[in-house]
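# Fold and geometry: a report
Residue strings, one per chain:
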Amino acid sequence: MDTILQQMPVVIGALNKGFLQTLKLFFATLAGAIPLGLVISMGSMSRIRLLNRITRVFVWIIRGSPLMIQLLIIYYFPGLVFHTPIWGGGEDGRFHAAAIAFIINYACYFSEIYRGGIQGIPVGQEEAGLVLGMTRFQIFWHVKLLQMIKAIVPPMSNEIITLVKDTSLARIIALQEIIWAGQAFMKGSQGISGAIWPLFFTAVYYLLSIGILTILLNRLEKRLAFFR
Amino acid sequence: MAILEVEHVQKVFGKTEVLHDISFSMEKGMTLSLIGSSGSGKTTLLRCLNFLETPTAGRIIVNGETLFDSAQVSQKTDHELRKKRLHFGLVFQSFNLFPQYTALQNVTLACELLAKEKKAWHTDRKRIQQEIKEKANGLLTQMGLADRTGNYPYQLSGGQCQRVAIARALALEPDILCFDEPTSALDPELTGEVLRVIRSLAERKMTMIIVTHEMAFAKDVAQQVVFMDRGEICEMGTPEQVFCYPQKERTKQFLAGYHQ
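Our subject in this report is the structure included herewith. (Residues numbered from 1 in each chain as written. Chains lettered and ligands numbered in written order. Predicted model: local features only at pLDDT ≥ 70, side-chain atom pairs only at ≥ 80, totals over all residues. Heavy atoms only, no water.)

## Some details on the overall build of chain A
On a plain count of helices and strands, chain A comes out with 8 helices and 0 strands. Sequence-ordered secondary structure for chain A, helices as α and strands as β, is α-α-α-α-α-α-α-α. With the C-alpha coordinates of chain A rotated into their principal frame, the extents come out at 75 × 50 × 25 Å. Counting all 228 residues of chain A, 46% fall into the buried class. For chain A, contacts bridging at least 24 residues in sequence account for 75% of all contacts bridging at least 6. Carbon and sulfur atoms make up 69% of the accessible area of chain A, which totals about 12100 Å². On chain A, the mean spot of the 19 positive side-chain charges and the mean spot of the 10 negative ones are 7 Å from each other. (Helix = DSSP H or I, 4+ residues; strand = E, 2+ residues; numbered from the N terminus. Buried < 20%, exposed > 50% of the residue type's maximum accessible area, 1.4 Å probe, protein only. Contact = heavy atoms within 4.5 Å. Areas by Shrake-Rupley, 256 points an atom, 1.4 Å probe, with all protein chains shown as cover. Lys, Arg positive; Asp, Glu negative; His and termini not counted. Charge placed at Lys NZ, Arg CZ, Asp CG, Glu CD.)

In structure tokens:
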């Protein structure tokens, strides 16, 4: 049996490939969920009662059920129930299904954070803007938005860090992300089998990327510290 | 001609009548003190004038132009409402400065947004921005804040914040400037600087309506005093009439409470 040192180049190569998929899913989720969350939060704050109710029930369902189940439903449901496998069988199809599931799931969590951020702004800010002849959109854009962003950075940081690790759930639909890549060496892959260390080694990737993220998010928090 | 005429204004929240048949008028350049105990409807009246609340009934007329008439239930567009609002300025009890903007930016923001909607903005942007900035600097200097223009609200004392808020309201050149208990959120030693500024505005013939619990100031600064009680105007007249020779029992009780 080869030593760990000899296995290293092969394992690192495979893990890098898996990690790329992890990163892709991470950024796709953020790119989709950050704006979609805003739309959902608008819905859950809407004065139109029906829209408000529907949005809140939707958020309850998504937050109330496991992301893993949502992944399975979104990936398998169209094929098994409607006999129209919209995702296709390849890695691309699995990625698309996973990205949709993650975006919807995270958008619901983000929407509640946004709602807290917007509703936490004192009414006086809106009233001051109105009295100064500003439109509601101008008040949102020029007055409330930055205050809201400042308020939501800490809770959003939490969610974003959780997201990095949650991406590993996508292996339930066989998306070849980093945990999947590490685990492959237990069953046997590229001449290495029965090795558990690559799976443990994936944690280093998570630790490093979350370390970098933490630094970036702290920097953002500091940049917004110019006002209180 | 009166600059402001308020006719039979009524405001009902649910089943509670907060304002009942409020009528008064005031002349240009005058200062009106609005006094009364908490919950008597003073703040609601100011909010109605600034269109933060819609009166249930009545009329509000500024410079002969009817801004609000409950008999004409027209669907007001946002644009019209904004134009009407600009006749009035409002200074809040809790300042409501925008925390992410400096003192200067707080004063210029609304002016710039309004200027952007005019055609001249596109051809003459630099000059217009410069004018707005100079005007804002001038107002802040007038408020005694020349050395504070670059500070954020959290770096200012309550009295300084309130003076920035006054400059911000003045920048839009309202016909009538309303103050809603401008010193109630301030430490006693800071009320003086805000009252001095308001007094200087009165000397410059700014038309003002001041809701206040500072009785000596209310008497001193105004030409007209309105005493409100339980949503009604109980007594009004010159400061001398209301403070020295009150006719109504309720007014006497209220003033006696302050003399103790």
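Past the structure itself, the notes keep going.
## A word on the pairing of strand β7 (residues 176-180) of chain B
Residues and elements named next belong to chain B. Counting buried residues along β7, 5 of its 5 residues qualify, which places the element largely inside the surrounding structure. Here β7 shows no split at all, with I176, C178 and D180 on one side and L177 and F179 on the other all buried. Pairing of strand β6 (residues 88-91) with β7, which is carried by 4 bridges, proceeds in the parallel orientation. The partner of F88 across the bridge, within β7, is I176. (Pairing = 2+ DSSP bridges.)

## Description of the interface of chain A and chain B
With 19 residues of chain A in contact, the opposing surface of chain B contributes 25 residues. Between chain A and chain B, a total of about 2200 Å² is buried, with carbon and sulfur atoms accounting for 63% of that surface. A salt bridge links R47(B) to E127(A); the nearest nitrogen and oxygen atoms lie 2.8 Å apart. Summed over the shared surface of chain A and chain B, the number is 9 residue pairs in polar contact (both at pLDDT 80 or more). Only α5 (123-131) and α6 (136-166) of chain A provide two or more residues apiece to the side of chain A that touches chain B. Of all the elements, α5(A) adds the most residues to the side of chain A that touches chain B, at 7 residues. A class-by-class count of the residues in the side of chain A that touches chain B yields 9 nonpolar, 8 polar and 2 charged. (Buried area = accessible area lost by both parts, 1.4 Å probe. Salt bridge = Lys/Arg side-chain N within 4 Å of Asp/Glu carboxyl O. Polar contact = N/O pair within 3.5 Å; in protein donor to acceptor, adjacent residues only side chain to side chain. Nonpolar A, V, L, I, M, F, W, Y, C, P; charged D, E, K, R; others polar.)

## Let's talk about the sheet that holds strand β5 (residues 65-69) of chain B
All names here are of chain B. Spatial strand order, β2-β1-β4-β5: 4 strands in an open sheet with antiparallel pairing. Edge positions in the sheet fall to β2 (16-26) and β5, since each has one partner strand and no second. On average, each strand axis in the sheet is tilted by 20 degrees relative to the strand beside it, whichever way the strands run. Pairing of strand β1 (residues 4-13) with β2 involves 7 bridges; the strand directions are antiparallel. Note that in β2 the partner of V9 across the bridge is I22. (Axes fitted to C-alpha atoms, helices over the stretch in contact; angles between N-to-C directions.)

## Concerning the sheet that holds strand β10 (residues 232-237) of chain B
Residue and element names in this part refer to chain B. Spatially, the 6 strands line up as an open sheet ordered β6-β7-β8-β3-β9-β10, and their pairing is mixed. In the strand order of this sheet, the two ends are held by β6 and β10, each with one partner. With direction set aside, neighbouring strand axes in the sheet form an average angle of 20 degrees. In terms of strand pairing, strand β3 (residues 31-35) meets strand β9 (residues 224-229) through 4 bridges, oriented parallel. Within β9, the position partnered with L34 by the bridge is V226. Contacting β3, β7 and β8 (208-211), helix α6 (residues 188-203) runs over the sheet at an angle of about 150 degrees to β8.

## Let's talk about the packing of helix α4 (residues 91-119) of chain A against α6(A)
Residue and element names in this part refer to chain A. Put simply, α4 and α6 touch, their axes get as near as 9 Å, and they point 140 degrees apart. If you check the angle between α4 and α6, you find them oblique. When you trace α4 past α6, the crossing you get is right-handed. Seen from α4, the contacting residues are F102, Y106, Y109, F110, I113, Y114, G117 and I118; seen from α6, they are F140, M148, I152, P155, M156, E159, T162, L163 and D166. Taken together, the residues that form the contact of α4 with α6 break down as 13 nonpolar, 2 polar and 2 charged. (Parallel < 35°, antiparallel > 145°, perpendicular 65-115°, else oblique. Left-handed = near helix turned anticlockwise from the far one by under 90°.)

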